[in-house]
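# Working through the structure, step by step
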Amino acid sequence: MKFGDYIASKAVSLCGLGIAAAAWGVFAYLVGASSVLLWTSEAFFVVAVVLKFSLGYALAKKRVEALRKTADGLTDKYLLGELVKKPHDAVESEYYAVMKTVSRAAVGEVERVAAEKEQYFEYVERWIHEIKTPLTACSLICDNGGDAVKIKRELKRADNLTETVLYYARLKNPEKDTVISKVAVADVIAEAVKSQRELLVAAKIGVEACGDFYVCTDGKSVCFMIKQLLVNCAKYCRGAHVVITAENGVISVSDDGDGIAAHELPRITERGFTGENGRRAGSTGMGLYIVSEMCKRLGIDLVVTSEKGKGTTFSLKFGTAVPASE
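Residues numbered from 1 in each chain as written. Predicted model: local features only at pLDDT ≥ 70, side-chain atom pairs only at ≥ 80, totals over all residues. Heavy atoms only, no water.

## Quick look at the overall build of the protein chain
Of the regular secondary structure elements, the protein chain holds 11 helices and eight strands. Judged by the C-alpha coordinates and their principal axes, the protein chain covers about 115 × 55 × 35 Å. Put simply, the protein chain has 326 residues, and 35% of those count as buried. Counting contacts in the protein chain only where the partners sit at least 6 residues apart, residues at least 24 apart contribute 70% of the total. As displayed, the protein chain offers around 19800 Å² of accessible surface, 60% of which is attributable to carbon and sulfur atoms. Each charge class in the protein chain can be summarised by its mean position, and for the 42 positive and 40 negative side chains these summaries are 5 Å apart. (Helix = DSSP H or I, 4+ residues; strand = E, 2+ residues; numbered from the N terminus. Buried < 20%, exposed > 50% of the residue type's maximum accessible area, 1.4 Å probe, protein only. Contact = heavy atoms within 4.5 Å. Areas by Shrake-Rupley, 256 points an atom, 1.4 Å probe, with all protein chains shown as cover. Lys, Arg positive; Asp, Glu negative; His and termini not counted. Charge placed at Lys NZ, Arg CZ, Asp CG, Glu CD.)

Following this line, the structure appears as structure tokens:
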């Protein structure tokens, strides 16, 4: 910081002091003060002003240089606001308080992004290990004669895992991949069931679908959600019967499987939560989390009810819907 820049920043104060000096000179002259007293007082005044601003410049320059030195020594520059010493000046203290608020907000945001990045990499790592299972199974099937039905089933598992990680990545920028249009939910349900036919047959799961209504939403996202619920049924409810109903603006997916323990039910949509069944199946614990986040994005209420030993029902409740008859 140059002295000229410092003086320019104090221009208002200097003008005020100049006016005060001129006013004192006029006042002393009018009251008949001697010229010696007049000019001596003016000289002292000028010297005092010069000393004041010189000392102020020296202190300010020292503070700025110390601040720059601290900044240069920091790898994470956003932490600088946490290291600045609190000033004694009342006005600067107010600026300091505002800067501290901004600094802490920046630190919090950086920590949040870092945590999300770490969680993303952890999920991708788990996903890589999980997708190895169907790919290894395909290799073993080929080595043993190549049963086309079994290969197709394992490829469908790999395809589901790939689609899941893609939708997880899209949660960062949902506006780029969301297309809202009028959708007949019966068609979406039929497409979801058809896409998972191999896994459902292999798990000896029967699916019954009924009902229909129209709703304005992203059909691909809703289809993915239903597919994810069917994948979970194939994974955790072998031999179960699944009923999918669509009426009064609600899509319900119900199974008569083992159900979810009461103490696990509130946590099933948490990121990475697997539960007892998920740990046995080697799940990543991300499927229902992604479904939950997509529901929030589309304004859909996700309601889960379950009773241990009697089954589970997932309900997707849409805000507005039109009956198929209309």
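## What about the environment of V253?
Position of V253 relative to the elements: it lies in strand β5 (residues 250–255). Spatially, the C-alpha atom of V253 lies 6.4 Å from that of S315, the residues being 62 residues apart in sequence. Beyond its immediate chain neighbours, meaning those up to four positions away, V253 contacts L229, V242, V243, I244, T312, T313 and F314.

## Concerning a nonpolar patch on the surface
Together, W24, V26, F27, Y29, L30 and V31 give the surface a local cluster of nonpolar side chains, amounting to about 700 Å² of exposed area. Positionally, Y29 belongs in helix α2 (residues 11–30). (Patch = residues over 30% accessible without salt bridge, like charges linked within 9 Å, V, L, I, M, F, W, Y side chains within 5 Å. Salt bridge = Lys/Arg side-chain N within 4 Å of Asp/Glu carboxyl O.)

## Points about the packing of aromatic side chains
According to the stated counting rule, one finds three aromatic pairs in the structure shown. For the cation-ring pair, R170 lies above Y167, with the distance from its terminal atom to the ring centre recorded as 5.2 Å. The ring of Y214 has K182 sitting right over it, with the charged end atom 5.0 Å from the ring centre. (Phe/Tyr/Trp six-rings, centres within 6.5 Å; stacked < 30°, edge-to-face > 60°. Lys NZ or Arg CZ within 6 Å of the ring centre and 35° of its normal.)

## Some points on helix α9 (residues 219–236)
An α-helix turns once every 3.6 residues. As a result, residues three or four positions apart point the same way. For α9, built from 18 residues, the straight-helix expectation of 26 Å at 1.5 Å per residue is met to within 8% by its first-to-last C-alpha distance of 26 Å. The element α9 is largely enclosed, with a buried count of 15 among its 18 residues. (Expected span 1.5 Å × (residues − 1).)

## Side note on the sheet that holds strand β4 (residues 241–247)
Two modes of strand pairing occur in sheets, parallel and antiparallel, and in both the strands are linked by backbone hydrogen bonds. One open sheet accounts for five strands, arranged β2-β4-β5-β7-β6; its pairing is mixed. Among the strands making up the open sheet, the edge pair consists of β2 (206–211) and β6 (301–307). Averaged over neighbouring strand pairs, the angle between their axes works out to 10° when direction is ignored. Bridge count between β4 and β5: six bridges; the pairing is antiparallel. Counterpart to V242 in the pairing with β5 is D255. Sheet contacts for helix α7 (residues 185–195): β2, β4 and β5; angle to β4, the most-contacted strand, approximately 160°. (Pairing = 2+ DSSP bridges. Axes fitted to C-alpha atoms, helices over the stretch in contact; angles between N-to-C directions.)

## Quick word on the side chain of K156
Mapped onto the secondary structure, K156 falls in helix α6 (residues 148–170). Given a relative accessible area of 17%, K156 falls into the buried group. Setting aside anything within four residues of it in sequence, one finds K156 in contact with S195, Q196, E198 and L199.

## What to know about the sheet that holds strand β8 (residues 322–323)
The three strands lie next to each other as β1-β3-β8, forming an open sheet whose pairing is antiparallel. One side of each edge strand has no neighbouring strand; the edge strands of this open sheet are β1 (181–184) and β8. Of the strand pairs in this sheet, β1 and strand β3 (residues 213–217) are connected by four bridges, and their pairing is antiparallel. The residue of β3 that forms the bridge with A184 is Y214. Packing of α7 onto the sheet brings it into contact with β1 and β3, and relative to β1 it is tilted by some 65°.

## Some remarks on the pairing of β3
Residues F213, V215 and T217 point to one face of β3 and are all buried, whereas Y214 and C216, pointing to the other face, are not buried. For β3 and β8, the ladder comprises two bridges, and the chain directions are antiparallel. The residue of β8 that forms the bridge with F213 is P323.

## Describing the layout of surface pockets
Leftover empty space is mapped by rolling, across the atoms, a probe with the size of a water molecule. There is about 1100 Å³ of room inside the largest pocket. Lining the largest pocket are 29 residues, with L59, A60, R63, P87 and E92 positioned closest to its centre. Those elements that place two or more of their residues in the lining of the largest pocket are α1 (3–9), α3 (35–72), α4 (80–83) and α5 (90–143). It is α3 that contributes the most residues to the lining of the largest pocket, 12 residues altogether. For the lining of the largest pocket, a count of residues per class yields 16 nonpolar, five polar and eight charged. (1 Å grid on protein atoms, 1.4 Å probe; cavity = no way out; pocket = protein on both sides within 12 Å on 5 of 7 lines; lining within 4 Å. Points joined across faces, edges and corners; volume = space filled by probe spheres on them. Nonpolar A, V, L, I, M, F, W, Y, C, P; charged D, E, K, R; others polar.)

## With respect to the pattern of salt bridges
In the structure shown here, the tally under the stated rule is 11 salt bridges. The closest approach of N and O atoms between K310 and E307, which form a salt bridge, is 3.5 Å. K310 gets classed as exposed once you look at its relative accessible area, which sits at 58%. E307 gets classed as partly exposed once you look at its relative accessible area, which sits at 43%. One connected set of salt bridges, linked through shared partners, spans R153, E154 and R157.

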